[in-house]
Amino acid sequence: MKIIVNGKETIIKDNERNMLEALQHIGIEIPNLCYLSEASTFGACRMCLVEVDGKDVVTSCTLSPREGMRIRTNTPEIYELRRGILELILASHDGDCPTCERNGSCKLQKYAEDFGIRKNRFSKNKKNTITDYSSPIVRDNSKCILCGDCVRVCEEIQSVGAIDFAYRGFNSQVVPAFEDGLSLTECVYCGQCVAYCPTGALTFRNDLDELYKALKKKKTVIGMIAPAVRVAIQEEFGLSSDMVMAGRLASFLRMSGFSKVFDVAFAADLVAYEEAYEFKDRLINKKALPQLTSCCPGWVKFVEQFYPDYLENLSSVQSPQQALGSVIKEIYARENGLNKEDIYLVSFMPCTAKKHEAKREELEGLVDLVLTTRELAQMVKTSGMKLKNIVPEPFDRPYGISSQSGLSFGKTGGVLMSVLDVLKDDIHISDVVITEREEGIKIVEALYGEGQTVRGAIVYGLGNVRAIMKEVQAGQLNVDVIEVMACNHGCIGGGGQPYPNDTVTRKERAMSLRDTVGINSINSPIENFYMRELYQKHFGQPLSEKAHHILHTTYKPHRRIAETNIEIMPLPVPETEKTTVKVCLGTSCYAKGSYKILADLIESVKSEEWAKNVEVMGTFCTENCGHSPNVLVGDQLVSEATTEKVIEALKTQIVRT
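Cut-offs used in this document
- Numbering of residues starts from 1 in each chain and follows the order in which that chain's sequence is written.
- For a predicted model such as this one, the threshold for reporting local features is a pLDDT of at least 70, and the threshold for listing and counting side-chain atom pairs is 80 or more; totals across whole chains, interfaces and linings nevertheless cover every residue.
- No hydrogens and no water enter the side-chain calculation; it runs on all heavy atoms of the structure.
- What we call a nonpolar core is a set of buried Ala, Val, Leu, Ile, Met, Phe, Trp, Tyr and Cys residues that are connected through their side-chain atoms within 4.5 Å.
- A 1.4 Å probe rolled over the protein chains alone gives each residue an accessible area, and that area as a share of the maximum for its type sets the label: buried under 20%, exposed over 50%, partly exposed in between.
- Going along the chain from the N terminus, every DSSP run of H or I of four or more residues is numbered as a helix, and every run of E of two or more is numbered as a strand.
- Where each domain begins and ends is defined by an automated method or by a domain database.
- We call two residues in contact when some of their heavy atoms are within 4.5 Å.
- In this analysis a 1.4 Å probe is tested at points of a 1 Å grid over the protein atoms alone, and where it fits but cannot get out there is a cavity; an open set with protein on both sides within 12 Å along at least five of seven lines is a pocket; lining residues have an atom within 4 Å of a point.
- Grid points are joined across faces, edges and corners, and a volume is the space filled by probe spheres set on the points.
- The term salt bridge refers to a side-chain nitrogen of Lys or Arg lying within 4 Å of a carboxyl oxygen of Asp or Glu.
- Here the buried area means the combined drop in accessible surface, using a 1.4 Å probe, for two parts upon being joined, counting both sides.
- We call two N or O atoms a polar contact when they sit within 3.5 Å, provided that within protein one can donate a hydrogen and the other can accept it, with sequence-adjacent residues counted only if both atoms are side-chain atoms.
- Here the nonpolar group is Ala, Val, Leu, Ile, Met, Phe, Trp, Tyr, Cys and Pro; Asp, Glu, Lys and Arg are the charged ones; every other residue, Gly included, is treated as polar.

Draft legend 1. Expanded view of the nonpolar core. Within the largest apolar cluster, 134 residues are counted, with the highest numbers of intra-cluster contacts made by Leu211, Trp299, Tyr399 and Phe539. Tallying contributions element by element places helix H9 (residues 264-285) first for this core, with 12 residues. Counting contributing residues per domain, this core is built from domain 2 (88-204) and domain 3 (208-551), each supplying no fewer than three. If near-sequence neighbours (up to four positions away) are discounted, Trp299 is found in contact with Leu292, Thr293, Leu314, Leu462, Val465, Met469, Val484 and Ala486.

Next up, the structure:
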């Protein structure tokens, strides 16, 4: 279609989403602070103003192109409006740029520089703000400009909804429910809010000081670097497509005091090998299918919170980060005469959720510290060393060799294709066909055995996962294995990656990682000599007792509401003289009739002689949502409860007492 832009006839695509994107595609960057192409149009910041047909000034993000439209992008009126908007935002903004995580990469800072704002016409207005350090994601409302990017990413793309707008007018804030810390919400720490926040109101916890403390104590500091880190850090130092970046980083860490530096991609080979045989066992025996991959900690927490019925479907194999940590602490330390308590293991990851994973109860102590790509970049910058001048050195053996499959874990599809690659000869997998169903969802089909079909799904973005899981639950999608990455395009889009961290940048990282993978001489995990040697010397075979001890983990449902029990009909007598019944009043149980059970129990306690020593309480989660309603009678869980089933259990408990 033809339009007139700044007096010149211009051709744009007929299917452009809005004028903002249309202008970007012809080389005109319209200032904006709240536009996300992946989410709904919000139009909050009002920075993207354009003049239409010589009379109206409107936001270009909400303006649909039409034939013959006349657009002006830089009139005196538009300039004054944009400058005034910036000054108003700055008047209620923290403004302490030198100490901000986004210093140098902040859009607000950039626009203030572009518009030459040196003095603000408006006086500073202080808000009631809070800084939340309760989780790996740090929330500082003093830097929030109410653009809504984090809210829309969390709700629309990730389908978690851990944060939202509260209050009105000048008192408006973005907060978790009840203004609690993020650690008390359903946040899965995927860090996508961090990736898209333009001003540093949401960032990750910087733990670099902990590394320097460990180095100062003369501990045996061992590092390991993830594939997605090496391709993203190139952006920070202008070293696009540096194929030996991994070697430069390994050399830099040794120069900084690290004793050894290993490759997380080695552990990816290890995990793919172990998980492949776990999948083979399930596939042959038709149990706990579809198998859900477990490499992404944000996804694992998502399952524990929203799909506890599918915990047995999660692969019990640890993520590459934790698997390598376990191998180093339990095997490498012993073989090299080291006390594992003296090893300080540092993992360099693209992901904020990895910080949470390392502190999980089931995994704590394997990896001592997780640093993001940006924290690694900070290390390089403060060292004064020029990364491009550092002579590359290989990773240390034995955990420094990886296959193309191991490197591919850094982007979506890498895990599932590696699993199939391992089983290629074992169960004769052939004719693999990958079909893109929609953005973020691919379906994989292959033949195995004697003409049988194995089907899988490759999914990124937790919103896409909900759609897939809904189909699985309804029996509409028949798949044997599902790979999930919480972040769009996989680990390369993690919340700890450099800014910008948008879709265009992530696609470029994926291409860079693909090129890096392409130069690796080892194709499959089964060709990794050091990985096979690990099995020969220590594990024997996949799924052995030793392999389970070192490489596997467990999961459990997590309460979605942190709450104490509610006293409904308390009985002030000693515990030995009463039987307590707790009725779950959480959403799932309430919707399936727990309130009626509660009402019936109250009536029974009031009127029935046998129930005179029954204490009635309410609770919020028995962590058994798939079998609602749930009632605890003493220490007995009554699932799919009815009044009759609860009373029967109560009478049994009373008789026993």
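Draft legend 2. Spotlight on the layout of surface pockets. Volume-wise, the largest pocket comes out at about 1,100 Å³. Taken together, 37 residues make up the lining of the largest pocket; nearest its centre are Gln24, Asn32, Tyr35, Lys107 and Asp502. For the lining of the largest pocket, the secondary structure elements donating two or more residues are helix H1 (19-25), helix H3 (107-114), helix H5 (192-196) and helix H17 (503-518). If one sorts the elements of the lining of the largest pocket by residue count, H3 sits on top with 5 residues. Of the voids in this model, the second largest pocket is the one considered here, and its volume is about 630 Å³. Along its surface, the second largest pocket is lined by 30 residues, and Lys411, Thr412, Gly413, Gly414 and Lys442 are the ones closest to its centre. Mapped by element, the contributors of at least two residues to the lining of the second largest pocket are helix H15 (414-422), strand E16 (430-438), strand E17 (441-448), strand E18 (452-460) and H17.

Draft legend 3. Spatial organisation of the pattern of salt bridges. Using the criterion set out here, one finds 39 salt bridges in the structure. Notably, a salt bridge pairs Lys2 with Glu9, separated by 3.8 Å at the nearest N-O pair. Since its relative accessible area comes to 42%, Lys2 is described here as partly exposed. When the shortest N-O distance is used, the salt bridge between Arg509 and Glu235 registers 2.5 Å. Linking Arg509 in helix H17 with Glu235 in helix H7 (residues 227-236), this pair joins segments that are 274 residues apart in sequence. Salt bridges sharing common partners tie together Glu101, Glu236, Arg374 and Lys381.

Draft legend 4. View of the domain arrangement of the chain. When the domains of the chain are assigned, the result is domain 1 (2-74), domain 2 (88-204), domain 3 (208-551) and domain 4 (565-656). Taking only C-alpha atoms into account, the centre of domain 1 sits 26 Å from that of domain 2. Each partner contributes to the interface: domain 1 provides 13 residues, whereas domain 2 provides 17 residues. Of all residues in domain 1, Leu33, Leu36 and Phe42 give up the largest surface area on contact with domain 2, accounting jointly for 48% of the area buried on that side. For the pair domain 1 and domain 2, the interface holds 0 salt bridges. Applying the counting rule to domain 1 against domain 2 returns 6 residue pairs in polar contact (both at pLDDT 80 or more).

Draft legend 5. Quick peek at unusual backbone geometry. Omega for the peptide link from Leu289 to Pro290 comes to 0 degrees, which places this bond in the cis form. Within the fold, Pro290 resides in the loop between H9 and strand E13 (291-292). Look at the link from Arg397 to Pro398: it is a cis peptide, with omega at 10 degrees. With respect to the element layout, Pro398 can be found in the loop between helix H13 (373-383) and helix H14 (404-407).

Draft legend 6. How the structure looks around empty space enclosed by the protein. Using the criterion set out here, one finds 7 cavities of 30 Å³ or more in the structure. A volume near 280 Å³ is recorded for the largest cavity. Every residue lining the largest cavity is counted, 27 residues in all, and those nearest its centre are Cys295, Met349, Lys354, Phe409 and Cys491. When residues of the lining of the largest cavity are traced back to their parent elements, those giving at least two are H7, H9, helix H10 (297-306), helix H11 (320-335) and helix H12 (353-358). It is H9 that contributes the most residues to the lining of the largest cavity, 3 residues altogether. Considering only residue class, the lining of the largest cavity consists of 20 nonpolar, 6 polar and 1 charged.

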